[in-house]
Amino acid sequence: MPSLVSNELSWERIRTLDLGLDMGFLNNELTRGFDWYERNTMDMLAPAVSMPATLGAAAPYRNNGTLRTRGWELSLGWNHVFNNDLLVYANVNIGDAKSVVTKRDNDARLINSTYEGKVYGDIWGFETDRLFTPEDFTGFDAKGNPTGYAAGVASQVGLQNTDFIYGVGDTKYKDLDGNGVIDGGKGTAEDHGDLKVIGNMMPRYQYSFRLGAAWKGFDIDMFFQGVGKRDVWSQSSMVFPTVRNADATLFANETDYWKGSFENGKWTTTTGYNTTYARLFSG
């Protein structure tokens, strides 16, 4: 069966405002340019509000969103011709932009979806506090698993599963909402528990520079570019040890992990609690 199609579907519309200033000095040997812009993408295509399950099909796309991007760009340039006809030039550019959803008809407002007010590319997660120590628990069973949390320590039981139990040497998260339990609330923009925006996947502060020279038919031109800031949620075994059970190899950058043992009802550690990584999960 074909998907549902809204009878109000139309084209997206884009409006752009750009304010710029270009200046030249020393007979344009030294130049400077600056632009500030705002781009609004209106009537964006997105799923409509949720429909009853009895409909038997997903909600159709319709024009129900607006995305605003604001950014700036700065460029500096220099060129000079020497008496021996040697031309030397250089140019530097840097710019930044951020996109925000300014309108979206989304009744769920889940943080893993697109909702009104969301910064495009945001990454939600728990904020790391430190590693758990024996003092964070009231006691341990025969296998070294905690039997309870000490007073003032937020419980992370809700993040566990049948194969993994948080204990000594594991990552301890911050109780941002102060309710004594680490969780993600309802997972919505209004109720996200202890989750917070911990990064953004979009590239920021993109830059480039160009250097070159020309003389009597010979020339050289070099161009470089890069990104000043970008956050990536990576699950690669090359940046996080044993992220999958099938990964048995440790790389050189992954050896600083917590090590300890449980004997005679007590936990001891050979590395302390300031390691880069928590204890390795061997389940």
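Quick note: structure is the one above.
Thresholds, definitions, all that
- Residues numbered from 1 in each chain as written.
- Predicted model: local features only at pLDDT ≥ 70, side-chain atom pairs only at ≥ 80, totals over all residues.
- Heavy atoms only, no water.
- Core = buried A, V, L, I, M, F, W, Y, C linked by side-chain atoms within 4.5 Å.
- Buried < 20%, exposed > 50% of the residue type's maximum accessible area, 1.4 Å probe, protein only.
- Contact = heavy atoms within 4.5 Å.
- Phe/Tyr/Trp six-rings, centres within 6.5 Å; stacked < 30°, edge-to-face > 60°.
- Lys NZ or Arg CZ within 6 Å of the ring centre and 35° of its normal.
- Pairing = 2+ DSSP bridges.
- Helix = DSSP H or I, 4+ residues; strand = E, 2+ residues; numbered from the N terminus.
- Polar contact = N/O pair within 3.5 Å; in protein donor to acceptor, adjacent residues only side chain to side chain.

Participant: For this particular structure, what's the right way to read the nonpolar core?
Facilitator: One recurring pattern in soluble globular proteins: nonpolar side chains tend to sit buried together. Counting 15 residues, the largest nonpolar core has Phe132, Phe137, Tyr149, Val153, Tyr166, Val168 and Trp258 as the members making the most contacts within it. Each residue touching Tyr149, except ones within four places of it in the same chain, is listed here: Phe132, Asp136, Phe137, Thr138, Ala154, Ser155, Gln156, Val157, Gln160 and Tyr166. If you look at the next biggest cluster of nonpolar residues, it comprises five residues, including Ile111, Tyr115, Trp124 and Leu195.

Participant: Help me out: how do you make sense of the packing of aromatic side chains in this one?
Facilitator: For any pair of aromatic rings, geometry is given as the distance between the ring centres together with the angle between the planes. The tally for this structure, following the rule as stated, stands at twelve aromatic pairs. Each ring, one from Phe137 and one from Phe140, has its centre 5.9 Å from the other, and the planes form 65 degrees; the classification is edge-to-face. Taking relative accessible area as the criterion, Phe137 reaches 6% and is therefore assigned buried. Residue Phe140 is classed as partly exposed on the basis of its relative accessible area, which comes to 23%. Linked through ring pairs, Phe132, Phe137, Phe140, Tyr149, Trp258, Phe262, Trp267 and Tyr273 together constitute an aromatic cluster. It is Arg204 that lies over the ring of Tyr205; its NZ or CZ is 5.4 Å from the centre. Sitting over the face of the ring of Tyr257, Lys259 holds its NZ or CZ atom 3.9 Å from the ring centroid.

Participant: Please explain the pairing of strand E13 (residues 260–263) as it appears in this structure.
Facilitator: Two faces, one strand: in a regular strand the side chains alternate between the faces of the sheet. The pairing of E13 with strand E14 (residues 266–269) spans four bridges and is antiparallel. Bridging across to E14, Ser261 finds its partner in Thr268. Where E13 folds back on E14, the antiparallel hairpin that results is connected by two residues, among which Asn264 adopts a positive phi of roughly 55 degrees.

Participant: Help me out: how do you make sense of the side chain of Glu38 in this one?
Facilitator: By the secondary structure assignment, Glu38 is in strand E2 (residues 30–47). Here Glu38 falls in the buried class, since its relative accessible area comes to 16%. A polar contact is formed between the side chain of Glu38 and the side chain of Arg70, at a distance of 2.6 Å. Among residues more than four places away in sequence, those in contact with Glu38 are Arg15, Thr16, Leu17, Arg68, Thr69 and Arg70.

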